[in-house]
Every structure is written in C-alpha cells, then in structure tokens.
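# Structure assessment
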Amino acid sequence: MKRIFAQTIKELSQLGRDRLTLSLALLLPLMLLLLFGFAVSLEVNKINFAIQDLDRTPDSREYIATFERTNKFNIVASSPQVNVPRLLDGGKVAAGLIVPPKFARDLQRKGGGAEVQILVDGTDANTANIVRGYTKATTNAFMENLRGGQSPAVNLQFRLWYNPGLETLRYVGPGAIAITVTLFPPLLAALAVAKEYEQGTILQVYASSLTGTEYLLGKAAAFWLVGMAEVLLVNVEAWLFFGLRFVGNPTPMIFSSMLYIAGGVFWGIFVGSQTKVQSAAIQAVAFTAFLLSLQLSGFIYPISNIPAGIRWISNIIPARYYIELSRDAYARGVGWLGVWFQVLALFGLASLFFFLAWRKLQRMRF
C-alpha cells in the first residue's frame, strides 16, 4: 500500500505542476455540459410555415387561425397568392398548408369531408414526422371546435408518469452529465502512460520494486480522484444552471459514478500502454471513449433506433448504463429496484477494463 500511495502522490504532483492540463481537465467538462445542455434540444418549435388559402371563407380563416394560435408554427406567408412548393424549394419554410376552393362547402356537407393538403420538407425525417403530428393535432382541435365541443366516442385521459412538464432538459441534462465526464479521465490516464513510454521514464518503473498491479492501482487512483472531482463539479453546475435535482435515492448514482470513472481510467491506462505514443493515445481515446459514447449510448436517440448490425456495440459502452442511471436519479427516482442491472453492468465493464490493463502491465516485470 505504501508503494501504491507513493505512485498516486507522484502522479498527482506531476499533474499539479502542469496547471494548464489540470485546468482543462476540470473546466472543459463544465463548458461541455453548458454546450450540451443549452444547444441540444429535441423540441421542434416555431416551424416556418406557409399557408395558401384558396377558399377565403370564414371557415377557412378560422382553420388558419387555429394554426396561428399555436406556438409551434411561425407563419411566414399567408395569402391566396402564396406558392408553397416554391417556398419549400428555396428552403424558406419547413411545411405549407393549401386550403382548396369550396373548403367550407365540403366541410358543411353531410356525410362528406373537406380535404386540405400539407406539404412537408422531408429532408429531416425526424422533424417531418413531428410537423405531421402537429398539423394533425391542430386540425383535430379545429374540428372539435367546429362540432361545438361534442364529446368523442372515446375520451382519452393522459397522464405523464415521469417528467409531467415534458421538459427536454430533464432528458438531455442527465445524459449530458454522463457524456461530459466520459472523455477526460481516460484521456489523462492514457497520456500519462504513453508519455512515460515516449520519454523512456518507464524504465525507472521496470528497475524499481513496483509490480505491475501496484503501478496500475497507483496511477489509476490519481486519475480516479480527478475524475470524481469532475463528477462533483458537473453535478453542481447542473444544479445551479439547469435546476436539476435528485428525485429519489442518490446512492445508485454515487456508487455508479465511482465505477464509471474507474472503468474509464482503467481503459485509458490500457490504451496508453498499447499505443505508447501520446498522439495515438489521444485519437484512440477520443474514438473509443467519447465518439462511441456519444453515438451509441442513447444520449440523443434511443438505442433501438440504431441498426441491428452495430447495436450490439452499445452493450460494451459504459456510458449507455451510466446515462440510464443518471436519468433515473434526476427524472424517474425509482432507485436500486429499477437500476440494479445497470450498476452490475458498470461493475462488470470496470472489472473487464481492469483485467485488460493488468494483463498488459504484468508483462513489464519480464
């Protein structure tokens, strides 16, 4: 334990002398959290919308007013002369409504129904589907008002079980916390190991009485402490800037954070010992620890949307399980009963990364 502790103090002392690296390690996660928290949004509001009313009757004007009263559409043009396809071609609107002649007559005809056309820019498929849903909901609201509030045959009563305010930040924020602490602990550990190989100081470790296990644990403990400091800072920032609060038992989040940072540090040490070059270590950690976590963890879109051919990779991405834990802590509040498997998965992955790094460093004794 004395040798492990001495190795930890040595690593922290070296990191403390490099104030620029230490400042970046603690400040960049805070900047990333602000960027993800404020820039990433799944809401689609103020859709640029054009309307061509060829009927010009009180019913058609009331139908158009229904779109104007919502906060989802930004009406950029509304007149009989509007050319909706041309506006779509120019990228000035995302969707357009065409009300045909005799709209009011068809609407009042018994047994019949009026038809209108909605043209939607399908370049962004996700936004197009959302716009289609908004236009259907707006049309349904118009028809209910037209019928004089008659009760439908089936009256649906909705209740949002979690996040009743439908706040996007309650979904994006906890995921952003996980992503912001994903990169720097393994990156610092990988650079520290690769630097010793580059500068040849690893020979001093070979000649010392340190075993591979002691070297691994001493170095990992130093960067684990730095990573836990990052976790503390980003959670405080989420509380101050985003208003996120724990809604249940926080112990699963705390325990999983310890495992998550440990797994990242062990992976960084393994990558650094494999590459032995700092530039290569940066690229390897950026791809494996950050890019894969960003794309395959379920941070922005559900994992079920990922093609089946590469979906299996998400099973070995620690960020996938940590994001689920953080969202439970900040949005659901179920606790251990709902997230025990995620904690177990993080423990298994941390053990796997420890074994890979330990097996690699054991060979230095020869």
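The present account deals with the structure reproduced in this document.

## What to know about unusual backbone geometry
When glycine is set aside, most residues are seen to have a negative phi, and most peptide bonds are trans. Here Arg56, not a glycine, exhibits a phi torsion of approximately 55 degrees, which is positive. Tracing the sequence through the fold places Arg56 in the loop between β1 (47–53) and α3 (58–69). With a phi angle near 65 degrees, Lys276 is a residue other than glycine that sits in the positive phi range. Relative to the helices and strands, Lys276 is located in the loop between α11 (251–275) and α12 (278–296).

## Notes on the side chain of Asp55
Relative to the helices and strands, Asp55 resides in the loop between β1 and α3. No salt bridge is formed by the buried Asp55; the nearest opposite charge belongs to Arg56, separated by 8.0 Å. Engagement of the side chain of Asp55 in a polar contact is seen with the side chain of Thr57, the distance being 2.5 Å. Those residues in contact with Asp55, other than ones at most four positions away along the chain, are Ser60, Val99, Pro100, Pro101, Lys102, Phe103 and Ala104.

## Observations regarding the layout of surface pockets
In this model, the largest pocket occupies a volume close to 520 Å³. Glu11, Gln14, Leu191, Ala192 and Lys195 are, among the 22 residues lining the largest pocket, the residues nearest its centre. Counting residues per element, the ones that place at least two in the lining of the largest pocket are α1 (2–17), α8 (184–199), α9 (202–207) and α10 (212–241). Here the residues of the lining of the largest pocket sort into seven nonpolar, eight polar and seven charged. Looking at the second largest pocket, its volume works out to about 370 Å³. Taken together, 24 residues make up the lining of the second largest pocket; nearest its centre are Trp267, Thr288, Ile316, Pro318 and Phe353.

## Thoughts on the sheet that holds strand β4 (residues 117–120)
Pairing within the open sheet is mixed, and its four strands lie in the order β2-β1-β3-β4. Both outer strands of the open sheet, β2 (73–78) and β4, are each paired with one neighbouring strand and no more. In this sheet, adjacent strand axes meet at a mean angle of 25 degrees when their direction is disregarded. Pairing of β1 with strand β3 (residues 95–99), which is carried by five bridges, proceeds in the parallel orientation. Each residue of the ladder has a partner; that of Ile51, found in β3, is Leu97. Taken strand by strand, α3 contacts β1, β2 and β3, and its axis lies near 175 degrees from that of β1.

## Comments concerning the packing of helix α2 (residues 19–39) against α10
Look at α2 against α10: their axes get within 9 Å of each other, and the N-to-C directions meet at 35 degrees. Seen from above, α2 lies across α10 with right-handed handedness. Residues Ala25, Leu26, Pro29, Leu30, Leu33 and Leu34 of α2 touch α10, and the partners they reach there are Val226, Ala229, Glu230, Leu233, Val234, Glu237, Ala238 and Phe241. Each residue belonging to the contact of α2 with α10 can be placed in one class, and the counts come to 12 nonpolar, no polar and two charged.

## Describing the pattern of salt bridges
Within this structure, the stated rule accounts for nine salt bridges. With a shortest N-O distance of 3.9 Å, Arg320 and Glu324 are connected by a salt bridge. One end of the pair is Arg320 and the other is Glu324, both in helix α14 (residues 318–332) and four residues apart, which spans about a single turn. Look at Arg320 and you get buried, because its relative accessible area is 18%. Beyond isolated ion pairs, a larger network of salt bridges with shared partners links Lys10, Glu11, Glu196 and Lys219.

## Let's talk about the nonpolar core
Among the nonpolar cores identified, the biggest contains 72 residues, and Phe36, Ile269, Phe299 and Tyr322 are the most heavily contacted of them. The element best represented in this core is α11, accounting for 10 residues. When near neighbours in sequence (up to four residues on either side) are disregarded, Tyr322 contacts Ala178, Val181, Val231, Met253, Ser256, Ser257, Tyr260 and Leu346. Formed by 15 residues, the second largest nonpolar core is a distinct cluster that contains Ile47, Phe49, Ile51 and Leu107.

Thresholds, definitions, all that
Residues numbered from 1 in each chain as written. Predicted model: local features only at pLDDT ≥ 70, side-chain atom pairs only at ≥ 80, totals over all residues. Heavy atoms only, no water. Helix = DSSP H or I, 4+ residues; strand = E, 2+ residues; numbered from the N terminus. Buried < 20%, exposed > 50% of the residue type's maximum accessible area, 1.4 Å probe, protein only. Lys, Arg positive; Asp, Glu negative; His and termini not counted. Salt bridge = Lys/Arg side-chain N within 4 Å of Asp/Glu carboxyl O. Polar contact = N/O pair within 3.5 Å; in protein donor to acceptor, adjacent residues only side chain to side chain. Contact = heavy atoms within 4.5 Å. 1 Å grid on protein atoms, 1.4 Å probe; cavity = no way out; pocket = protein on both sides within 12 Å on 5 of 7 lines; lining within 4 Å. Points joined across faces, edges and corners; volume = space filled by probe spheres on them. Nonpolar A, V, L, I, M, F, W, Y, C, P; charged D, E, K, R; others polar. Pairing = 2+ DSSP bridges. Axes fitted to C-alpha atoms, helices over the stretch in contact; angles between N-to-C directions. Left-handed = near helix turned anticlockwise from the far one by under 90°. Core = buried A, V, L, I, M, F, W, Y, C linked by side-chain atoms within 4.5 Å.

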